[in-house]
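Close look at the chain arrangement
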Number of protein chains: 2
Amino acid sequence: MSNTNISKSDFSSIRGEIEKLNTDRVLIIADHNVWSKYSKLLNLEDISNKETIIYKAPDGEKAKNLQEYESCVEFLLEKGVHRKTHVLAVGGGALSDFAGFVASTLLRGLDWSVIPTTLLSMVDASIGGKVALNSKEAKNLIGAFHKPKNIWIIEGFLETLAEEEQSSGLGEVSKYCFLDKEIFELVQDKNHQISDVIEACANFKYNLTEKDFKESGLRKNLNLGHSFGHAIEKIYNLPHGIAVFWGMALIFKLYCNGNYLKELSLVREKLELDANDSPWHNREFPIMKIMNLISKDKKMVTSTSLELVLIEDIGMPTIKITSLDEIEELLEEKKDELRQFSI
Amino acid sequence: MSNTNISKSDFSSIRGEIEKLNTDRVLIIADHNVWSKYSKLLNLEDISNKETIIYKAPDGEKAKNLQEYESCVEFLLEKGVHRKTHVLAVGGGALSDFAGFVASTLLRGLDWSVIPTTLLSMVDASIGGKVALNSKEAKNLIGAFHKPKNIWIIEGFLETLAEEEQSSGLGEVSKYCFLDKEIFELVQDKNHQISDVIEACANFKYNLTEKDFKESGLRKNLNLGHSFGHAIEKIYNLPHGIAVFWGMALIFKLYCNGNYLKELSLVREKLELDANDSPWHNREFPIMKIMNLISKDKKMVTSTSLELVLIEDIGMPTIKITSLDEIEELLEEKKDELRQFSI
């Protein structure tokens with residue numbers, strides 16, 4: 001499988017990158033909000049040597065369902081698609097999940113590229129080729145592995161990013177701090193530039209996914225904070241990265257004897273991450289809802305057991321195989337502490 | 001990517017094969033007609049060490065659409081799916097296309113196996129990992145490459161096969177006769193056994209797809225007869241293999257100076273293939289309909305050109321890149337001959 005080119009670009013040069021693609025047909029799948037704000041600046045219509053088709057998808061997770069998938073696929077096929085057609089995703093992580101799944105299934109797989117427009121997608125979602133839709137049961141249960149050919153990072157998008165989106169991206173950055181000691185140290189440096197952090201996270205994830213494309217080993221480490229995180233995200237309707245932050249806090253609290261919580265708090269401070277107080281603070285910890293969602297999580301390895309990512313030290317993740325019963329027991333045991341838990 | 005085990009089995013031993021699968025959960029996706037006739041004989045329910053979930057799909061191409069896909073995927077996810085869940089397809093080629101696409105997209109890819117129940121799927125459709133759904137535009141435009149772990153051939157299914165299904169399988173066998181000289185000669189032998197022909201075709205296709213899994217070269221040869229065939233199938237509502245037979249006849253007529261038509265007729269006789277007179281015989285050849293369908297065919301390599309498979313000799317296929325305009329011109333030129341054309 002060929003590699004992904006990850007490179008910096010800007011609003012004035014991205015058109016040139018698209019012109020260079022080896023195809024006569026580009027299907028742009030764009031978040032409709034992003035497209036209405038940025039289409040003029042991107043200037044990707046009427047490229048001389050290509051036919052450009054544009055499909056505007058609903059924003060965020062609203063695109064990631066089978067009805068929207070069908071509508072997009074039928075629209076594009078009706079416009080005409082051939083094997084060398086190139087799909088271009090323009091949007092955040094949900095959009096690139098959606099567009100990547102469309103690309104992976106149209107004619108059994110078209111080449112595709114991404115222009116990520118949020119911090120979260122620059123450091124995480126657009127990298128590594130995991131693409132997916134949500135099912136009625138849970139997130140990302142329908143999907144594929146399909147690597148993009150190019151990821152063009154345009155930092156200009158961050159200038160107008162909504163605060164919530166900013167927090168979501170920083171939440172995911174906080175995860176990388178515990179997977180890689182260099183990123184942890186970079187973030188501690190009070191003069192750190194966000195562009196350096198983006199680059200470090202993107203490269204870290206890219207290298208990991210290159211070594212383990214189908215997630216049979218190393219790549220699983222990227223799920224740190226995600227087993228609880230996905231459940232928390234659904235229950236409290238939180239931005240993904242914030243949910244991951246609290247999912248990671250739960251892992252440190254429950255499985256690492258409370259170690260690394262101080263460092264997590266430090267990372268939050270350095271990143272200026274707006275995530276004070278756990279979402280369930282001073283309310284009952286929602287054990288049954290969490291167990292119900294975790295049991296439907298795709299990281300389940302049999303009907304009763306699953307793999308949790310813990311850390312042995314900063315930069316040293318490890319996998320623990322545990323059962324649903326064991327998790328539930330632990331949560332019941334720590335119920336009162338969790339009610340008060342915050343960092 | 002791991003290999004596919006293709007082996008003969010029978011109604012009494014297939015249960016033992018399923019018991020040996022390394023999983024605690026088997027999702028059986030079966031053609032509802034096949035299941036009502038054969039479920040007792042197959043005896044796959046209540047296997048001691050596994051939970052078995054059964055989804056009955058509509059017969060044939062009726063399963064291969066996004067509504068049915070959604071209904072199947074949501075049904076299975078609601079019952080519970082984990083990464084080691086094994087999907088078992090029981091049915092003809094359309095069913096294995098459908099079930100294979102479900103397997104390829106559930107949790108980004110589950111292991112799967114096939115029990116093909118028609119001649120066509122034994123010699124062709126179940127082999128090689130091409131799985132797909134139909135779009136409103138044309139057949140198989142939504143799909144993936146996802147190889148099954150096992151294909152278990154149970155010849156007992158052929159005893160009750162509908163005549164039309166039989167013809168469809170034999171039509172596809174006739175294609176192999178022109179791709180491989182040994183198969184051509186095997187079929188000429190008046191004492192040939194159908195089981196030997198099935199084995200030879202299955203192995204021929206398997207070896208080709210192993211060499212070229214993603215259809216970048218050699219595998220394209222398997223499309224002999226299919227560019228016109230898919231259009232003919234749709235226009236006249238014909239069984240797939242019969243449409244391929246006439247698609248191949250058109251290729252020999254239009255692009256091989258009428259060579260091999262005598263051999264094609266001989267193959268038809270030896271296989272006792274019920275395909276006399278072309279479907280448009282003595283009527284106008286439907287040039288516009290054919291061109292319209294071909295232009296939407298996924299084998300298009302740019303918006304105006306496509307790859308046709310011709311043969312230079314029996315067992316020696318070759319690719320010709322041609323344009324839609326050239327094809328249309330040729331059909332217009334031969335219009336009157338085509339009206340009368342039969343073999």
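Above this text you will find the structure in question.
If you're wondering where the values come from, they're calculated on a predicted model, not measured in any experiment.

Calculation rules
- Residues numbered from 1 in each chain as written.
- Chains lettered and ligands numbered in written order.
- Predicted model: local features only at pLDDT ≥ 70, side-chain atom pairs only at ≥ 80, totals over all residues.
- Heavy atoms only, no water.
- Helix = DSSP H or I, 4+ residues; strand = E, 2+ residues; numbered from the N terminus.
- Buried < 20%, exposed > 50% of the residue type's maximum accessible area, 1.4 Å probe, protein only.
- Contact = heavy atoms within 4.5 Å.
- Buried area = accessible area lost by both parts, 1.4 Å probe.
- Salt bridge = Lys/Arg side-chain N within 4 Å of Asp/Glu carboxyl O.
- Nonpolar A, V, L, I, M, F, W, Y, C, P; charged D, E, K, R; others polar.
- Phe/Tyr/Trp six-rings, centres within 6.5 Å; stacked < 30°, edge-to-face > 60°.
- Pairing = 2+ DSSP bridges.
- Axes fitted to C-alpha atoms, helices over the stretch in contact; angles between N-to-C directions.
- Least-squares fit on C-alpha atoms with pLDDT ≥ 70 in both.
- Patch = residues over 30% accessible without salt bridge, like charges linked within 9 Å, V, L, I, M, F, W, Y side chains within 5 Å.
- Areas by Shrake-Rupley, 256 points an atom, 1.4 Å probe, with all protein chains shown as cover.
- Lys, Arg positive; Asp, Glu negative; His and termini not counted.
- Charge placed at Lys NZ, Arg CZ, Asp CG, Glu CD.
- Expected span 1.5 Å × (residues − 1).
- Parallel < 35°, antiparallel > 145°, perpendicular 65-115°, else oblique.
- Left-handed = near helix turned anticlockwise from the far one by under 90°.

Notes on unusual backbone geometry
- Positioned with a positive phi, Asn43(A) is a non-glycine residue whose angle comes to about 55°.
- Secondary-structure assignment places Asn43(A) in the loop between helix H2 (32-42) and strand E3 (51-57).
- Phi at Glu272(B) is positive, roughly 55°, even though this residue is not glycine.
- Position of Glu272(B) relative to the elements: it lies in the loop between helix H11 (261-270) and helix H12 (287-295).
- Overall, the relative accessible area of 69% leaves Glu272(B) in the exposed class.

Some remarks on the interface of chain A and chain B
- With 38 residues of chain A at the interface, the matching set in chain B holds 38 residues.
- Summing both partners gives a buried area of about 3600 Å² for chain A against chain B, and 52% of it is carried by carbon and sulfur.
- Linking chain A with chain B are 1 salt bridge.
- Per-element tally for the side of chain A that touches chain B: the top contributor is helix H3 (residues 66-79) of chain A, with 8 residues.
- Of the residues contributing to the side of chain A that touches chain B, the split by class is 15 nonpolar, 9 polar and 14 charged.

A few points about the packing of aromatic side chains
Residues and elements named next belong to chain A.
- In the structure shown here, the tally under the stated rule is 24 aromatic pairs over all chains.
- Measuring from ring centre to ring centre gives 5.2 Å for Tyr69 and Phe101, while their planes differ by 50°; the resulting arrangement is tilted. With Tyr69 in helix H3 and Phe101 in helix H4 (residues 93-105), this pair connects stretches of sequence that are 32 residues apart. Each member of the pair, Tyr69 as well as Phe101, is classed as buried.
- By way of ring pairs, the aromatic residues Phe178, Phe184, Phe252 and Tyr260 are connected into one cluster.

Points about the sheet that holds strand E5 (residues 112-116) of chain B
Residue and element names in this part refer to chain B.
- The sheet built from 6 strands is open, its strands ordered E1-E8-E5-E4-E2-E3 with parallel pairing. Each edge of the sheet is formed by a strand with only one pairing partner; in this case those strands are strand E1 (5-8) and strand E3 (51-57). Within the sheet, the average angular offset between the axes of one strand and its neighbour, ignoring direction, is 15°.
- Both strand E2 (residues 25-31) and E3 contribute to a ladder of 7 bridges, which runs parallel. Bridge pairing in E3 places Ile29 opposite Tyr55.
- Those strands touched by helix H2 (residues 32-42) are E2, E3 and strand E4 (86-91), and its axis lies near 125° from that of E2.

Some points on the relation of the copies chain A and chain B
- For the pair chain A and chain B, the relating rotation is 180°, the translation along its axis is 0.0 Å, and the fit reaches an RMSD of 0.0 Å. Both chain copies can therefore be described as sitting about a two-fold axis. For chain A, the residue whose C-alpha comes nearest the rotation axis is Leu66(A), separated from it by 4.0 Å.
- Most of the interface of chain A is mirrored in chain B: 100% of its interface residues are interface residues there too.

A word on a negative patch on the surface
Residues and elements named next belong to chain A.
- On the surface, Asp325, Glu326, Glu329 and Glu333 cluster together into a negatively charged patch.
- Its place among the elements puts Glu326 in helix H13 (residues 324-333).
- Its relative accessible area of 45% is what places Glu326 among the partly exposed residues.

Looking at the sheet that holds E3(A)
All names here are of chain A.
- Pairing in this open sheet of 6 strands is parallel, and the strands run E1-E8-E5-E4-E2-E3 from one edge to the other. Looking at strand neighbours, the two that pair on one side only are strand E1 (5-8) and E3, the edges of this open sheet. Recorded for the sheet is a direction-independent mean angle of 15° between the axes of neighbouring strands.
- Where E1 and strand E8 (residues 150-153) come together, 4 bridges link them in parallel fashion. Paired with Ile6 across the bridge in E8 is Ile151.

Observations regarding the side chain of Lys130(A)
- Note on placement: Lys130(A) falls in strand E6 (residues 130-133).
- The exposure class assigned to Lys130(A) is buried, which follows from its relative accessible area of 18%.
- In this structure, Lys130(A) is in contact with Asp97(A), Ala144(A), Phe145(A), Glu215(A), Arg219(A), Asn223(A) and Arg108(B), ignoring residues within four places of it in sequence.

Some words on helix H4 (residues 93-105) of chain B
All names here are of chain B.
- Compared with the 18 Å implied by 1.5 Å per residue over 13 residues, the 18 Å span of H4 between its first and last C-alpha is a close match.
- For H4, the buried fraction is high: 13 of the 13 residues fall into the buried class.
- Once H4 ends, the next one or two residues include Leu107, with phi positive near 50°.

Thoughts on the packing of helix H6 (residues 163-179) of chain B against helix H7 (residues 181-188) of chain B
All names here are of chain B.
- It is the contact of H6 with H7, at a shortest axis distance of 5 Å, that shows an interaxial angle of 125°. It follows that H6 is oblique to H7 by the angle criterion. Of the two elements, H6 crosses H7, and the hand of that crossing is left-handed. Contacts from Val173, Tyr176, Cys177, Phe178 and Leu179 in H6 reach Lys181, Ile183, Phe184 and Val187 in H7.
- In terms of residue class, the contact of H6 with H7 is built from 8 nonpolar, no polar and 1 charged.

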